[in-house]
Amino acid sequence: MRLAAQSWLIVILALIAAVAAFGLAINRNLPDPHLGPAMAKRAPNPSRGAYIATLGDCAACHTTPGGAALAGGVPLATPLGSVYSTNITPDREHGIGAYSFTDFARVMRQGVRPDGARLYPAMPYTAYAKVSDEDLQDLFAYLTQKVAAAPAPDRVPGIPWLLRVRWPLALWNKAFLQDARFAPEPAKGAAWNRGAYLVQGLAHCGTCHTPRGLGFQEISVDGGSAFYLSGARLAGESPVNLRGNAGDGLGRWSADEIAELLATGRSPHAAVLGQMGEVVAQSTQFMTPDDRSAIAAYLKSLPPAPEEGRATYAPSGATLAAFMAGRESTVPGARMFMDSCAACHRLSGEGEGRSFPHLGGSPTVLAQHPDSLIRVILKGARLPATEAAPSRLAMPPFGWRYDDQQVAALASFVRQSWGNNAAAVSAEDVERVRKGLR
């Protein structure tokens, strides 16, 4: 018996050693970023590169509040713990000042630094792999010529030290990285292809809005799956379904309404919050109208995700009638809504124009994972200030006022009123989100 156990241990150790040797062998050679020969003769345009940086929302991940622009240090949550964004200023010691363009393209497309170190896939290089040579070249010119160098060293990841070994990421790339540029579809129009290029590449929408697999990989990066952009759970929030579902998706939205949300953070159906508010404030509001319209056209072309387990929406005034009949206390969560929410969102859930969001049919309210709704009840929210809508209207927090069971009842009431038909929220859901806020 002991001999058999020892034999199995030897086999397991041999397999581990073989995998490690394979990973180290892959890690030893820098991958080819596959730059076209024309790049050697093309003159880069740093001014255009500034717009590329806006499209990619580089500041959101690489600039800390009050810190030097693009000097890194922003915490990014992963299942293993927090990692921190790197310094992408032209500082030669801590940033990318000593990089060649080939080095930069390799980082952007394969997540591999010049010294061979692998980046964690919290950096969306799986999306940036689709970006064209020209856009990367202009972005590199902007970062190295127009951004001030900042001598800020990288922060140590908040990951247990045994799990900080990076060579296994070479195996992760082998398994999950699709290292190919975006290929336009000839049967589609120019606007659709531009929107697809932005959504799949520079804007990296799938990083937040696409579910992930067991290896923390996006289950699709190119729209080939019906679950691409179908909503997810990430860093204490639940990015919404961007596909054509009429319940929790964008099926009832027009392309103009999607473009409006990207420009202002507001639409007749909903308002942005959390990390999406930062995306609007720092990126999408500064896109050209044509680019916002192209994104909207692409998103409107996506068919619905599979409906099983998803919320539905059918406008109804039944809950309002119950309020008016004075029977609100019979509906769990109704009294709390009337006391704390109705002044802004109205008893009808219709809100007030684009100031206080409409709750009936809201993708955030109807999301499969209620994390964002719970989070906004607990912590409050503030609309982003944009050039088209500069007022930063805010919702106050209620986490201090209501316990987990009460917040669950309130969230469930919102998810099951005015025609909303989504799963109820549990006190355990609220407890989990509340712990993440501490």
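Here, the structure is the one placed above.
Residues numbered from 1 in each chain as written. Predicted model: local features only at pLDDT ≥ 70, side-chain atom pairs only at ≥ 80, totals over all residues. Heavy atoms only, no water.

### Side note on the overall build of the protein
Right, on to step 1. Helices and strands together make up the secondary structure of the protein, namely 19 helices and six strands.
Right, on to step 2. Radius of gyration (C-alpha) of the protein: 24 Å, near the 22 Å computed for a compact globule of 438 residues.
Right, on to step 3. Its C-alpha atoms put the protein at 75 × 70 × 45 Å along the principal axes.
Right, on to step 4. When each of the 438 residues of the protein is scored for burial, the buried share is 49%.
Right, on to step 5. Of the contacts made within the protein by residues no fewer than 6 positions apart, 65% connect residues no fewer than 24 positions apart.
Right, on to step 6. Accessible surface, the protein: about 20,500 Å² in total, of which carbon and sulfur atoms supply 59%. (Helix = DSSP H or I, 4+ residues; strand = E, 2+ residues; numbered from the N terminus. Rg over C-alpha atoms; globule rule 2.2 N^0.38 Å. Buried < 20%, exposed > 50% of the residue type's maximum accessible area, 1.4 Å probe, protein only. Contact = heavy atoms within 4.5 Å. Areas by Shrake-Rupley, 256 points an atom, 1.4 Å probe, with all protein chains shown as cover.)

### A closer look at empty space enclosed by the protein
Right, on to step 1. Under the counting rule described, the total for this entry stands at three cavities of 30 Å³ or more.
Right, on to step 2. Its boundaries defined by the atoms lining it, the largest cavity holds a volume of some 60 Å³.
Right, on to step 3. Around the largest cavity, the lining residues are S230, G231, A232, S238, P239, V240, N241, D248, R310, A367, Q368 and H369.
Right, on to step 4. Along the lines of polarity and charge, the residues of the lining of the largest cavity split into four nonpolar, six polar and two charged.
Right, on to step 5. By volume, the second largest cavity is sized at about 50 Å³.
Right, on to step 6. As for the second largest cavity, its lining consists of A127, V199, Q200, H204, C205, G206, T207, E218, V221 and Y228.
Right, on to step 7. In terms of residue class, the lining of the second largest cavity is made up of five nonpolar, four polar and one charged. (1 Å grid on protein atoms, 1.4 Å probe; cavity = no way out; pocket = protein on both sides within 12 Å on 5 of 7 lines; lining within 4 Å. Points joined across faces, edges and corners; volume = space filled by probe spheres on them. Nonpolar A, V, L, I, M, F, W, Y, C, P; charged D, E, K, R; others polar.)

### A closer look at the pattern of salt bridges
Right, on to step 1. Summed over the entire model, instances satisfying the criterion amount to 19 salt bridges.
Right, on to step 2. For the salt bridge of R212 with E218, the shortest nitrogen-to-oxygen distance reads 3.8 Å.
Right, on to step 3. Given the relative accessible area of 23%, R212 is considered partly exposed.
Right, on to step 4. Residues R346 and E352 are paired through a salt bridge, measuring 3.0 Å at the closest nitrogen-oxygen approach. (Salt bridge = Lys/Arg side-chain N within 4 Å of Asp/Glu carboxyl O.)

### So, the packing of aromatic side chains
A ring pair, where both rings are aromatic, is described by two values, the distance of the centres and the angle of the planes.
Right, on to step 1. Applying the stated criterion to the full structure yields 10 aromatic pairs.
Right, on to step 2. Seen from their ring centres, F413 and W418 are 5.7 Å apart, and the 80 degrees between their planes marks the pair as edge-to-face.
Right, on to step 3. You can call F413 buried: its relative accessible area is 3%.
Right, on to step 4. Taking the relative accessible area as the measure of exposure, W418 reaches 3% and is therefore buried.
Right, on to step 5. Pairwise contacts between aromatic rings join F101, F104 and F140 into one cluster.
Right, on to step 6. The ring centre of Y84 lies 4.0 Å from the NZ or CZ of R155, which sits over that ring. (Phe/Tyr/Trp six-rings, centres within 6.5 Å; stacked < 30°, edge-to-face > 60°. Lys NZ or Arg CZ within 6 Å of the ring centre and 35° of its normal.)

### Topic: the pairing of strand β1 (residues 75-78)
Regular strands place their side chains on alternate faces of the sheet.
Right, on to step 1. Of the two faces of β1, only the one carrying L76 and T78 is buried; P75 and A77 on the other face are not.
Right, on to step 2. Note that β1 and strand β2 (residues 81-84) share four bridges and pair antiparallel. Following the sheet pairing, P75 is matched in β2 by Y84.
Right, on to step 3. Counting the residues that bridge the hairpin from β1 to β2 gives two residues. (Pairing = 2+ DSSP bridges.)

### A short note on the packing of helix α17 (residues 371-379) against helix α19 (residues 427-437)
Right, on to step 1. The geometry of α17 relative to α19 is characterised by a closest axis approach of 10 Å and an angle of 60 degrees between their N-to-C directions. If you check the angle between α17 and α19, you find them oblique. Of the two elements, α17 crosses α19, and the hand of that crossing is right-handed. Facing α17, whose interface residues are D371, I374, R375, L378 and K379, α19 presents D429, V430, R432, V433, R434 and L437. (Axes fitted to C-alpha atoms, helices over the stretch in contact; angles between N-to-C directions. Parallel < 35°, antiparallel > 145°, perpendicular 65-115°, else oblique. Left-handed = near helix turned anticlockwise from the far one by under 90°.)

### As for unusual backbone geometry
Right, on to step 1. A positive phi angle, close to 55 degrees, is found at A235, a residue other than glycine.
Right, on to step 2. Within the secondary structure, A235 is located in the loop between α9 (206-209) and α10 (255-264).
Right, on to step 3. A positive phi angle, near 70 degrees, is found at R346, a position not held by glycine.
Right, on to step 4. Here R346 is to be found in the loop between α15 (342-345) and α16 (363-366).

### Notes on the layout of surface pockets
Right, on to step 1. Considered as a void within the structure, the second largest pocket measures approximately 680 Å³ in volume.
Right, on to step 2. The wall of the second largest pocket is formed by 36 residues, among which H62, S85, T86, I88 and L119 lie closest to the centre.
Right, on to step 3. Taken together, the elements giving at least two residues each to the lining of the second largest pocket come down to α3 (58-62), β2, α4 (101-110) and α6 (133-145).
Right, on to step 4. Looking at side-chain class alone, the lining of the second largest pocket contains 21 nonpolar, eight polar and seven charged residues.

### Focus: the environment of G206
Right, on to step 1. Locating G206 in the fold gives a position in helix α9.
Right, on to step 2. Classification of G206 by relative accessible area gives buried; the value is 3%.
Right, on to step 3. Measuring from C-alpha to C-alpha, the distance between G206 and Q137 comes to 23 Å, with 69 residues separating the pair along the chain.
Right, on to step 4. In contact with G206, not counting residues within four places along its chain, are V199, E218, Y228 and L229.

### Observations concerning α6
Right, on to step 1. With 13 residues, α6 should cover 18 Å at 1.5 Å per step; its first-to-last C-alpha distance of 18 Å lies within 8% of that length.
Right, on to step 2. The buried count for α6 comes to 10 of 13 residues, which makes it a mostly enclosed element.
Right, on to step 3. The complete set of buried residues in α6 reads D133, D135, L136, Q137, D138, L139, F140, A141, Y142 and L143.
Right, on to step 4. Its buried side turned inward, α6 meets α2 (46-55), α3, α4 and α8 (190-202). (Expected span 1.5 Å × (residues − 1).)

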